[in-house]
Amino acid sequence: MASLQPVRGTHDLLPEEARRARHVSDTGRIIAERYGYEEAATPIFEFSDVFARTLGETSDIVTKEMYTFTDKGGDSITLRPEGTAGIARALISGGLSQNLPLKFFYAGPMFRYERPQKGRLRQFHQIGAELLGVADPIGDVEVIALGAAILDALDVQGNITLELNTLGNTQSRADYRDALVTYFNDHRSGLSSDSRDRLERNPLRILDSKNEGDRQIVSGAPEFDDSLDTESRDFFAEVCAGLDALSISWMRNSRLVRGLDYYCHTAFEFTTNALGAQRAVLAGGRYDGLVEQMGGPSTPGVGWASGIERLSMLVGDGPAKTRPIAIIPLGDAAEEIVLILTNRLRRAGISVDLGYRGKMKQRMKRANNIGARAAVIIGEDELEQSSATIRDLDSGEQHRVPLDDLQSRLEQFL
Ligand code: ATP
Ligand code: MG
């Protein structure tokens, strides 16, 4: 029955995967705090305008990928496809521009109607960071350094390259756009129909095309650098110098553009070859025009987002789970007292799995299956002496201990 399948492009996070995803977001949060970025959470849905206005009417996200519906009140609502627009909306609606600079970290689900494949889902999860109110290149350097530090802390840097580009200021970007339009118009007939569309509306996006024919034409396209004015060049030079000063290695990719309209100056992507076609692991850039475009005060911004699923795949095994203590009561009298005992141990901070029913053998089997560190067996014998048997499930050693000492003995396994 189709309705009992998960929706295409969605994925259940069962405990092992959930643990890995949690490790990624917790690591991100901890490192972000060290850089002074505090967690913020915006709603997972917004008025559709929040995205339509900021992502640009011509972006892939807006034209093809948004989950948009009309709610019972008649409002057009969209499940957020990315995190920056919501943060910018929060800045405006919450009047936060008094408190600049703002430094936010976020983690949560995003939704895009795309063709699902490995590392590409319709509900996926991102961690991200946004720095609002800093116009200087030091802001770009800091957010990139934060991204690099998180990748380091996750121990995935080995497979990853930082690709860097600049789109320049508004003027340079416009000049480059003109140069591109001239070039692509000369090669119009060779372009895919998608890219011919982009040529009218957002020619920079053609650089991003994955179509083979487009890619060939793109390889001969003019370079950003030829359109950059002095201000744009200086800005980029400072970003590069900052990264060099921090020994963050990077590679220039003069074809790197970000998929969204509001980017200027720095664009960057941490990429990998370890995930097949999905190369981008952590990506971002500067978006000085965004807040103003949404109707707020002119506010510079720079930030990035990273896919938790893609990071999780790189992280490998992730952290080990907490190993519980398995409590195994044998007989009615024991069952009665272990209920209270178990609760007491749990409240004292010990992770305890209670073997509800079944024969000793089955319960021991479950204790092993859940990776219990030790089993506590309480039968009639034990009860008579107000004691319990602790079996170390790694060494097989077994001791009888007074019930009064049980907690402190179990704490030794933590
Ligand atoms: P791509 O080129 O892979 O489509 P993008 O440019 O659309 O990426 P961004 O909007 O920059 O991606 O999102 C930042 C990060 O979020 C990506 O680098 C990637 O790690 C992750 N991401 C984006 N879309 C998906 C998806 N559909 N499924 C899983 N992760 C995703
Ligand atoms: Mg995409």
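An account of the accompanying structure is given in this report. (Residues numbered from 1 in each chain as written. Chains lettered and ligands numbered in written order. Predicted model: local features only at pLDDT ≥ 70, side-chain atom pairs only at ≥ 80, totals over all residues. Heavy atoms only, no water.)

Observations regarding the overall build of the chain
Inference 1: Counting secondary structure elements, the chain contains 15 helices and 16 strands.
Inference 2: Its C-alpha atoms give the chain a radius of gyration of 27 Å, clearly above 22 Å, the size a compact globule of 414 residues would have.
Inference 3: If one aligns the C-alpha atoms of the chain with their principal axes, the spans along those axes are about 90 × 55 × 45 Å.
Inference 4: Counting all 414 residues of the chain, 50% fall into the buried class.
Inference 5: With the model as given, the accessible surface of the chain reaches about 20,400 Å², and the carbon-plus-sulfur share is 48%.
Inference 6: A gap of 7 Å separates the mean positions of the 48 positive and 60 negative side-chain charges of the chain. (Helix = DSSP H or I, 4+ residues; strand = E, 2+ residues; numbered from the N terminus. Rg over C-alpha atoms; globule rule 2.2 N^0.38 Å. Buried < 20%, exposed > 50% of the residue type's maximum accessible area, 1.4 Å probe, protein only. Areas by Shrake-Rupley, 256 points an atom, 1.4 Å probe, with all protein chains shown as cover. Lys, Arg positive; Asp, Glu negative; His and termini not counted. Charge placed at Lys NZ, Arg CZ, Asp CG, Glu CD.)

Focus on the nonpolar core
Inference 1: Judged by nonpolar contacts, the single largest core of 42 residues is most densely connected at Leu-132, Leu-180, Phe-184, Leu-207 and Phe-224.
Inference 2: The set of elements that each furnish at least two residues to this core consists of helix H2 (48-55), helix H3 (60-65), helix H4 (84-93), strand E5 (102-111), strand E6 (123-132), helix H6 (170-186), helix H8 (212-219) and helix H10 (290-293).
Inference 3: For Leu-132, the contacting residues outside a window of four places in its chain are Ile-87, Leu-91, Leu-100, Pro-101, Leu-102, Tyr-287, Val-291, Thr-299, Pro-300 and Gly-301.
Inference 4: Of all hydrophobic cores here, the second largest spans 41 residues; its members include Ile-127, Val-134, Ile-308 and Val-315. (Core = buried A, V, L, I, M, F, W, Y, C linked by side-chain atoms within 4.5 Å. Contact = heavy atoms within 4.5 Å.)

Here's the deal with the site of ligand 1
Inference 1: Lining the immediate surroundings of ligand 1 are 15 residues, of which Arg-112, Glu-114, Arg-120, Leu-121 and Arg-258 lie closest.
Inference 2: Between ligand 1 and the protein, one listed contact pairs a nitrogen atom with a side-chain N or O atom of Glu-114 at 2.5 Å.
Inference 3: One of the backbone nitrogen or oxygen atoms of Val-281 is found 3.2 Å away from an oxygen atom of ligand 1.
Inference 4: Within the complex, the protein chains bury 88% of what would otherwise be the 590 Å² of accessible surface of ligand 1.
Inference 5: Tallying contributions element by element places strand E10 (residues 280-286) first for the shell around ligand 1, with three residues.
Inference 6: Grouping the amino acids of the shell around ligand 1 by side-chain chemistry returns six nonpolar, three polar and six charged. (Near = heavy atom within 4 Å. Polar contact = N/O pair within 3.5 Å; in protein donor to acceptor, adjacent residues only side chain to side chain. Nonpolar A, V, L, I, M, F, W, Y, C, P; charged D, E, K, R; others polar.)

Some details on the sheet that holds strand E2 (residues 45-47)
Inference 1: Spatially, the three strands line up as an open sheet ordered E2-E4-E3, and their pairing is antiparallel. Because the sheet does not close on itself, it has two edges, and the strands there are E2 and strand E3 (67-70). With strand direction ignored, the average angle separating the axes of adjacent strands in the sheet is 30 degrees.
Inference 2: Of the pairings in the sheet, the one linking E3 to strand E4 (residues 76-79) comprises four bridges and is antiparallel in character. Of the residues in E4, the one forming a bridge with Phe-69 is Ile-77.
Inference 3: Running over the sheet, H2 touches E2, E3 and E4 and is turned about 75 degrees from E2. (Pairing = 2+ DSSP bridges. Axes fitted to C-alpha atoms, helices over the stretch in contact; angles between N-to-C directions.)

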